[in-house]
Amino acid sequence: MKRETGMSVQLRRSIAYTVLVILSFLCLIWFYILFINATRSHAEMTRGFTPLPSTHLLENFHSLLGGTLPIFQGLLNSFIISVTTAALCTYVSTMTAYAIHAYHFKGKKYIFTFILMVMMIPTQVTALGFVQLVDKMHLMDSFIPLILPAAASPVTFFYMKQYMDSVLPMSLVEAARIDGAGEFRIFNQIVTPLMKPAIAVQAIFSFVSSWNNYFTPALILHKDVKKTLPILIAQLRSADWLKFDMGQVYVMIAFSIFPVIVVYLILSRYIVGGVTLGGVKG
């Protein structure tokens, strides 16, 4: 019986590893194709795909830099917006979750429900009114309309609230209050360190979401020196057919993905622990 049980466990484990290997391959193969195509010229890509890299990577990159698009400025713009958005979103969402978690006040349940209802409203529905408001406030071609609204993130708030319910006992907060600690000190020195895994996870998600965001920045940013990388990639892809170069497009996409990969590799160790702890209530 024990031998059969052991064989059954090994079989399930083998199946699980096989499925994981297949899924990993399906996820990574597109990155491999991307970087392979970044090393090929436009003429080579018109002849079909090959799994072997070519020798035109530096040529494509120099050709991209020699164009009219401000690539490095776009990289800087995307980095400023994404980092600021991630920091503001995670901090304000954590503070909001703490307010709902730690305080008892009239209408608390209704506020929580209302915040969750906001998640159901697509960005496209409010886009026209948002652009009109930004125009009336004379904030076109500014990063402010892309950063400040990110503080109100219902999805991040909900995750932080669920995580806080599982890792933050109210007895710890009450003990700090008895010791004379102020509310901001409790939040910044006690609550925030306990929330580090969840903050790291949501910082990654917020950073990637802001970095890849095309819709809203395309409505707000019109000057080339203010545009982010997704907008510049779209401009490069929509170039005149005489100037269109797939090698440049793939190099540009690889160039824009590299910072995201670096950020993910630095903070990825928090994802598994953060998701696991956030999904288990103690």
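Residues numbered from 1 in each chain as written. Predicted model: local features only at pLDDT ≥ 70, side-chain atom pairs only at ≥ 80, totals over all residues. Heavy atoms only, no water.

**Focus on the packing of aromatic side chains**
Then, number 1: The tally for this structure, following the rule as stated, stands at 8 aromatic pairs.
Then, number 2: Arranged with centres 5.7 Å apart and planes meeting at 90 degrees, the rings of Phe 72 and Phe 255 form a pair that is edge-to-face. Taken as a pair, Phe 72 in helix H4 (residues 71-102) and Phe 255 in helix H14 (residues 246-267) lie far apart in primary sequence, 183 residues in all.
Then, number 3: Ring geometry for Tyr 159 and Tyr 163: centres 6.4 Å apart, planes at 25 degrees, overall stacked. Note that Tyr 159 and Tyr 163 are positioned in helix H8 (residues 154-167) at a spacing of 4 residues, about one turn of the helix.
Then, number 4: Among the aromatic side chains, those forming a connected cluster through ring pairs are Tyr 91, Tyr 98, Tyr 103 and Phe 187.
Then, number 5: Lys 161 extends its terminal NZ or CZ atom over the ring of Phe 112, reaching a point 5.7 Å from the ring centre.
Then, number 6: Stacked on the ring of Phe 143, the Lys or Arg Lys 226 has its end atom at 5.3 Å from the ring centre. (Phe/Tyr/Trp six-rings, centres within 6.5 Å; stacked < 30°, edge-to-face > 60°. Helix = DSSP H or I, 4+ residues; strand = E, 2+ residues; numbered from the N terminus. Lys NZ or Arg CZ within 6 Å of the ring centre and 35° of its normal.)

**Considerations on H14**
Then, number 1: For H14, with 22 residues, the first-to-last C-alpha span of 32 Å sits near the 32 Å given by 1.5 Å per residue.
Then, number 2: For H14, the full list of buried residues reads Gly 247, Gln 248, Val 249, Val 251, Met 252, Ala 254, Phe 255, Ser 256, Pro 259, Val 260 and Val 263. (Expected span 1.5 Å × (residues − 1). Buried < 20%, exposed > 50% of the residue type's maximum accessible area, 1.4 Å probe, protein only.)

**What about a nonpolar patch on the surface?**
Then, number 1: Together, Leu 11, Ile 15, Val 19, Ile 22, Leu 23, Phe 25 and Leu 26 make up an exposed nonpolar region whose accessible area comes to about 670 Å².
Then, number 2: Within the secondary structure layout, Leu 11 lies in helix H1 (residues 2-38). (Patch = residues over 30% accessible without salt bridge, like charges linked within 9 Å, V, L, I, M, F, W, Y side chains within 5 Å. Areas by Shrake-Rupley, 256 points an atom, 1.4 Å probe, with all protein chains shown as cover. Salt bridge = Lys/Arg side-chain N within 4 Å of Asp/Glu carboxyl O.)

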